[in-house]
Structure formats: C-alpha cells, structure tokens
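# Report on the structure
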Amino acid sequence: MFLRHAVWYYHAFLYSILRYHVTVRDALNQALDEELERDERVFLLGEEVAQYDGAYKVSRGLWKKYGDKRIIDTPITEMGFAGIAVGAAMAGLRPICEFMTFNFSMQAIDQVINSAAKTYYMSAGLQPVPIVFRGPNGASAGVAAQHSQCFAAWYGHCPGLKVVSPWSAEDAKGLLKSAIRDDNPVVFLENELMYGVPFEMSEEAQSKDFLLPIGKAKIERQGNHVTLVSHSRMVSLCLDAAAVLAKEGIECEVINMRTIRPLDAEAIETSVMKTNHLITVEGGWPQFGVGAEILARIMEGPAFNFLDAPAVRVTGVDIPMPYAKILEDNSIPQIKDIIFSVKKTLNV
Amino acid sequence: TGVMPSKKIQLFYHRNYYILKYIKIENFHFELFLFIFWKKCDLHKLEEGPPLQAVLTREEGLQYYRTMQTIRRMELKADQLYKQKIIRGFCHLYDGQEACAVGIETGINLSDHLITAYRAHGYTLTRGGTVREIMAELTGRRGGIAKGKGGSMHMYTKHFYGGNGIVGAQVPLGAGVALACKYLGNNEICVCLYGDGAANQGQIFETYNMASLWKLPCIFICENNKYGMGTSVERAAASTDYYKRGDFIPGLRLDGMDVLCVREATKFAAEHCRSGKGPILMELQTYRYHGHSMSDPGVSYRTREEIQEVRSKSDPISMLKDRMLSNNMASVEELKEIDVEVRKEIEDAAQFATTDPEPPLDDLCNHIFYNDPPMEVRGTNPWTKLKSVS
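This one's a predicted model, so the numbers in the text were calculated from it and none came from an experiment. (Residues numbered from 1 in each chain as written. Chains lettered and ligands numbered in written order. Predicted model: local features only at pLDDT ≥ 70, side-chain atom pairs only at ≥ 80, totals over all residues. Heavy atoms only, no water.)

### A look at the overall build of chain A
Here is the rule: Starting at the N terminus, helices and strands are each numbered in turn, a helix being any DSSP run of H or I of at least four residues and a strand any DSSP run of E of at least two. Here the globule rule is a power law, 2.2 Å times the number of residues to the power 0.38, and the radius of gyration is based on C-alpha atoms. Should any heavy atoms of two residues lie within 4.5 Å, those residues are considered in contact. Residue exposure ignores everything except the shown protein chains as possible cover, and the areas themselves are Shrake-Rupley values with a 1.4 Å probe. Positive charges come from Lys and Arg, negative ones from Asp and Glu, while His and the chain ends are left out of the count. We put the charge of a Lys on NZ, of an Arg on CZ, of an Asp on CG and of a Glu on CD.
When you go through chain A residue by residue, the secondary structure sums to 13 helices and 14 strands. Taking 348 residues into account, the globule formula puts the C-alpha radius of gyration at 20 Å, and chain A, at 21 Å, falls close to it. Its C-alpha atoms put chain A at 70 × 60 × 40 Å along the principal axes. Looking at chain A alone, contacts between residues at least 24 apart form 81% of all its contacts between residues at least 6 apart. As presented, chain A carries roughly 14600 Å² of accessible surface, and 57% of it is formed by carbon and sulfur atoms. The distance from the centre of the 33 positive side-chain charges to the centre of the 41 negative ones in chain A is 3 Å.

This is how it looks when you write it as structure tokens:
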C-alpha cells in the first residue's frame, strides 16, 4: 500500500517536471490547435498536412479533430496553392499556408511578394491579406544544397511582410498565435532541427491567449562584454558559446531576435550601448544577409559611437550546402566560431 | 411610332442568327421582347450548352449600350490623356472587348466575386467603380480609386480583386476566392479571367487541378483577343482551343463580341458552379482595337485591314445598336442622347482627373499593414524617418 503511494508520488513528481517541458513541435501544434478552435475562418493547407499528420508532424492530430474543411492536403503545386491561399485570405478567410520547407516557397515566391505583401499598399488600404506562410527554413542535416537555404534575408527585404523566426517553444507558440491573429501577411520561419528540442514552458505560456508581440526581441542572457544577436537555432549556439566564455570571465549578452522584420533595432542598440561590442550570428549566407542589415543599422544609429571595435558577422559559409557530414558541419557556424569571433572582437 | 397591332410575330434571318420578333402593346407603352436564336457554342465535356435564346428588354438593351459606350469612351479618353503624357507608365486599353465585361457582369450578381489581369478598367467600372475614380487613378491623383497608389493595373472595389500585373497570378487567387465562397457557404461564385497569353501559364493548370479536385465554384474565363502582346495565338499555343485546355473541366467557346451571348453563357456557367458541380471554363473570342498597351502601336504584328474589318463587322457596340434600331427597340435619337450623356460624363471625369491634386507626401508610407499601430519607415537616408499608419 505504501509502495503504491510512493510510486504514485514518484510519477507525479516526474510528471510535474515533464509537464512544463514542451518541444517546439508540440508548441507549434498547440498554437495551431488553439487558433483553429478560436476562429472558424482559420484553416491550414499544404502538402501532407492532413492525413499524413504533417511532413514533420507539426500538424499531428489536427485533421482528425477538424476534418477536411479546415485541414487541406494539396497536390505538389506550390505556386497554385499559395495563390489559392492568398485569394482565400483576400476573400475573408485566415489561411495558414505550409511550405514543406521554405526552399519550395521559391516556386511560389511571386504569390508571397506580389500578391500578398504588396496588395494592401497597392489598394491604398482597401484589400488586406491576413495570411501566414509557415514551414521549416534554413539548414537541416544532410539534405544538401537545394534543401538547405535560409530565406530570412530574402523575405526580410520586402515591405508589406512581417517575417518571424522563433527559437524556443515559447517563441514558437506565442509568435505563431500572434502571426495567425495578425491581419497582415506573415512569413513564419521555423527550423527542422529545433522541432524536437524541449524547452521549459512557463505557466503563462500555457494559456490559450498567450501571445508574443511580433517585432520585439528578447534578451536570453544578460552580459556586459559583448552583444551576440541571433535568430532561430543559432540562439542555442550563442548560449552554448556564452556558457563556455563565462568560464573565462567573458560575459556575453545574447539577444534572440524573434522577428526579422520589423527588426527590433532598439533592443540591439540598447545592448550595444552597454557592451560596446557587437557580433551577429546567423545560419544564412553572408552577402546582403540579416547580419549585414543589423550592422548597417548600428552604423547609421546612435549605438555606433559606443562601439569599441568594428561590429562583425558570423554567418554560414558563402557556398551551396554540401552533403558530406564533415563538409556540412564546416559550412555553418559552430560554437568554436562564435567563441573565436568574440575573442577577436574583444582582442583577447 | 404609330399604331401597332397588339401582336405581331416576324421571323427573319440576320447574320448568323434567327430573330423572332414579338411586339406587345400595354397601356400605350411599347414593350419589345426580342428572342434571339444563334448557333450553338462549341462545347467541351458538356452535354448541353447555354440556351439558344435570350430575352432582351428595352431597358436592358439601353443599359448595356450605355455601359459599353461608357467603357469605350473612357478608354479612348485614356488614350488621349496618355498621349498628352498626363497618364504615365502602363496603360492597357479595353476598347473592342466591352461586350465581355458587360455581358459577364449581367450574368452574375454584384455579391459574386471577380478577378482579372491588367486590362482591367472595364471591369473596375462594371464592378462598381466610377469613371471619375478610375480616371483619377490613371492620372495618379488622390481622388483615384486606389488613392493614386495603384495605377492602371491595381484598381479594387468590393468583391473585385483587381487589376493584377503578374500574368497568370490572378488565376490561383480567383480559385482561392472561390474556395472562400465554398468554405463560407454563401452561394457566391468567383469569375476568374485571363487572356490567351496567360492561358499557357503553369500555375493556371495547377489551379485547374485543385479547382476541379475540390469542386470550387469558379468560372475560368479566357478572353481570347488573338494576341498575347505581339505574339499571335498560333505562335504561342500548341492548342488554341482554349476552352478545351481545362481538360477535365467542362468548357465552352463563344462569340465574345455579342453581349447577349456572353450574358447567357455566364448565367449558364454560374448556374453550373452554384449547383456544386465544380469549375467551368469559358473562352470568349474577342478583339482589342488598341495594341497590347499604349507603348505598342498594335500594327506590327497585325494588319490595319484586320482591325478595320473587326471594327466594321463585329464591333460589340454597333452590333447591339443595330439590333435595337432595326427592331424598333430604341430610336436613333435616344441612342444619340445616351452618347451625349456618356461623353459628358467622361469629360467631367477627365476634368476631375486632370485637376485633382496628387496624393500628399504624408501618404507615401501609409497602408503597409492593416490594423497595426503607427510605425516608422526609413526614408532614402538614415536621418529621414517617415510615418506610416494603417
């Protein structure tokens, strides 16, 4: 009898720990589920989202719950179904258009930019387009060049779009909910390697109305010596690098951008004015990238005068992504690259 | 005009139609109902086509005449203003194709939806825009239908989704609108137009597939004016039977210069969609008098004789006018009066369009996002921060 109680308490204890840990995938799933429930006009379309439960299982269980009308499997015709999603948004629905990966969004990029992003402006406010384009972005593992491109910079370039790049489970849930409730086209860049990563979810984040504002960065770790600015999976690497550097007495301030467009330049500037050093870290290519934009803004803004060393970027290598593991590993930033760049910037 | 017997039936042949004329007198007013029989439309995967007769009342006839004439004169005025450099950029004129826009609109309701490509001025009018707003948009003034921010190719009204510049992109959009109609269960349909040039676009075939698979209430309409910019249909398409290109989608091909033909076919197609049978495809054979746009004289790839022939034999407005006059549905004076009124409306609109001020510079950065708090937009240099409101 006592043993049974002990076992029960043990499981309850475990459960109470595990309950507060949610993977990014499950957080996205929760967000989709809650928003589908909340608003009849929200629906999801894309390849394999319904009966297959999602190519990466992000939409698991949703088709069973909501049926064919709300969760729609499409043929492999990105340009066509992205256009259909945009048209549905124009006519009053709130579609979530999933690209199996953002590499395939290139087939449909005209619909995202010319039909979705620009329409509210061209119509001088007559025609809003409340749509979310979501899917995994950037490098995965061993998927080679055509399946590994990061689209943050390309989409971040265009006015009329909001571009969001979450890192943690809380980010994923709060930002996806905000994106779905936003009346404008939102490009929601997830990351396949982050889907299975568990994060602690606060009580607040478990509420059905938990929203995170689009356009506001978060300081994941406070520090005084150097500012590391990053988005998506690279935030993990920055935190790991910061942990290693802390042992040597270098305190990094790690900023999780959360949103690419509109960029929270103010948060970065405030941090730089404190630490006097800036390094941006991203998985995408260097030329005309997210880091390039951040550096340009710092140059043009009040924080420039506070820099004690040139601001630099840590980026993916300027090549198409190779396949062999050793080559792939050396094509994207590693923790040692961040540590190296920090020490160079601080001249230690 | 004089005393008429209470009933008179005459049957005579006019062009390739048979006309059954039925004249009735009620309370000293003449009401003329014109029954028209014409040759069957070409059909694809359809057992029956639209009915072979149509009733045209006097009132309808005058209204169609007025609307077509308004579009015609509006486009000609735009031509004039463009040559005076008061309109700039792209200007794709619709004269010659008026029967399509007017015929389609009379076959659907204003509560239905419509989307087209860039040759959109006629549709902007039939979908509820005013000539004033349209012309002021062409001249880029604040009184324009898109406040001067869209221009010729980006005009919108309620249930009219433009005006789209990217060839073929409007077709999936239209199917998306149809999906929304089906989703919301409002019994509305979407008319989705494209040209013979666009008909070869891949995304259109992607759309045919999904529209048919999901039985979307979408009428695809190909306005075949025989030329995609400077390329004739024979040089662009392996199959110029555009009404068959939908393959598994039933299709019909008809004379797009005859407003009644277009109306009856549209009604037929709308009924098909509303009954849940899925999409349908219509090919309207029509013609544009102007070149592709104002920068194309339109005579390097076709002969002046060809243009003249269409003008004299198949002009949509002349056709309707002849039909009404030769059957005593209206008098020459009445139609002339309409012409005068239309001319005046266009003149007033042109006057407005040339004198209305340009949009204020404060409006430059507005309308980026809907329902968002005001934000800052970077100007051309780092010191210029511009204000943007929803």
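### Some thoughts on the nonpolar core
Keep this limit in mind: Throughout this description, the term nonpolar core refers to a set of buried Ala, Val, Leu, Ile, Met, Phe, Trp, Tyr and Cys residues connected via side-chain atoms within 4.5 Å. Burial classification: accessible surface area is computed with a 1.4 Å probe over protein chains only, and a residue below 20% of its type maximum counts as buried, one above 50% as exposed, and the rest as partly exposed.
Ranked by size, the top nonpolar core spans 78 residues in total, and within it A:F133, A:L278, B:Y194 and B:F220 carry the most contacts. Setting aside anything within four residues of it in sequence, one finds A:L278 in contact with A:V226, A:T227, A:V229, A:I268, A:V272, A:I294, A:L295, A:I298, A:L307, A:P310, A:A311 and A:V312. With 66 residues, the next largest nonpolar core counts B:C91, B:M135, B:V191 and B:M324 among its residues.

### Describing the sheet that holds strand β4 (residues 42-44) of chain B
What holds strands together in a sheet is hydrogen bonding between their backbones, with the strands either parallel or antiparallel. All names here are of chain B. Quick note on the threshold: When DSSP finds at least two bridges between two strands, those strands are taken to pair. Convention adopted: a line fitted to C-alpha atoms gives each axis, helices being fitted over their contacting stretch, and angles between N-to-C directions are expressed from 0 to 180 degrees.
The strand order across the open sheet built from six strands is β4-β11-β12-β8-β7-β6, with neighbouring strands paired in mixed fashion. In this open sheet, the two strands that pair with only one neighbour each are β4 and β6 (113-115). Strand-to-strand twist in this sheet, taken as the mean axis angle between neighbours without regard to direction, amounts to 20°. Relative to strand β12 (residues 280-285), strand β8 (residues 218-224) is paired through six bridges, and the arrangement is parallel. Counted as the bridge partner of F220 is L281 from β12. Here helix α8 (residues 259-274) sits on the sheet and contacts β8, β11 (251-255) and β12; the angle it forms with β12, its principal contact strand, is near 170°.

### Structural notes on the UniProt feature "domain: Transketolase-like pyrimidine-binding" (unreviewed entry) in chain A
For the record, the criterion: UniProt positions are given in the numbering used here, feature names are shortened, and annotations may be inferred rather than shown by experiment.
What UniProt calls "domain: Transketolase-like pyrimidine-binding" (unreviewed entry) maps, in this numbering, to residues 22-197 of chain A. Taken as a whole, residues 22-197 of chain A contains 36% helix and 16% strand, while its terminal C-alpha atoms sit 8 Å from one another.

### Comments concerning the interface of chain B and chain A
Applicable threshold: Note on definitions: buried area is the accessible-area loss of two parts on being combined, 1.4 Å probe, summed for both. The salt bridge criterion pairs a side-chain nitrogen of Lys or Arg with a carboxyl oxygen of Asp or Glu, the two atoms within 4 Å. The definition of a polar contact used here is a pair of N or O atoms within 3.5 Å, where within protein one atom must be able to donate a hydrogen and the other to accept one, and adjacent residues in sequence count solely through side-chain atom pairs.
Taken together, the contact between chain B and chain A spans 36 residues of the former and 44 residues of the latter. In this assembly, chain B packs against chain A so that about 3500 Å² is buried in total across both faces, 68% of it on carbon and sulfur atoms. Among the residues of chain B in contact with chain A, B:Y156, B:Y183 and B:Y370 are the three that bury the most area, contributing 21% of the side total. At the boundary of chain B and chain A, one finds two salt bridges. Between B:R378 and A:E300 there is a salt bridge; the shortest N-O distance is 2.5 Å. At the boundary of chain B with chain A, the tally comes to 15 residue pairs in polar contact (both at pLDDT 80 or more). Broken down by secondary-structure element, the contributors of at least two residues to the side of chain B that touches chain A are α5 (170-184) and α6 (202-213) of chain B.

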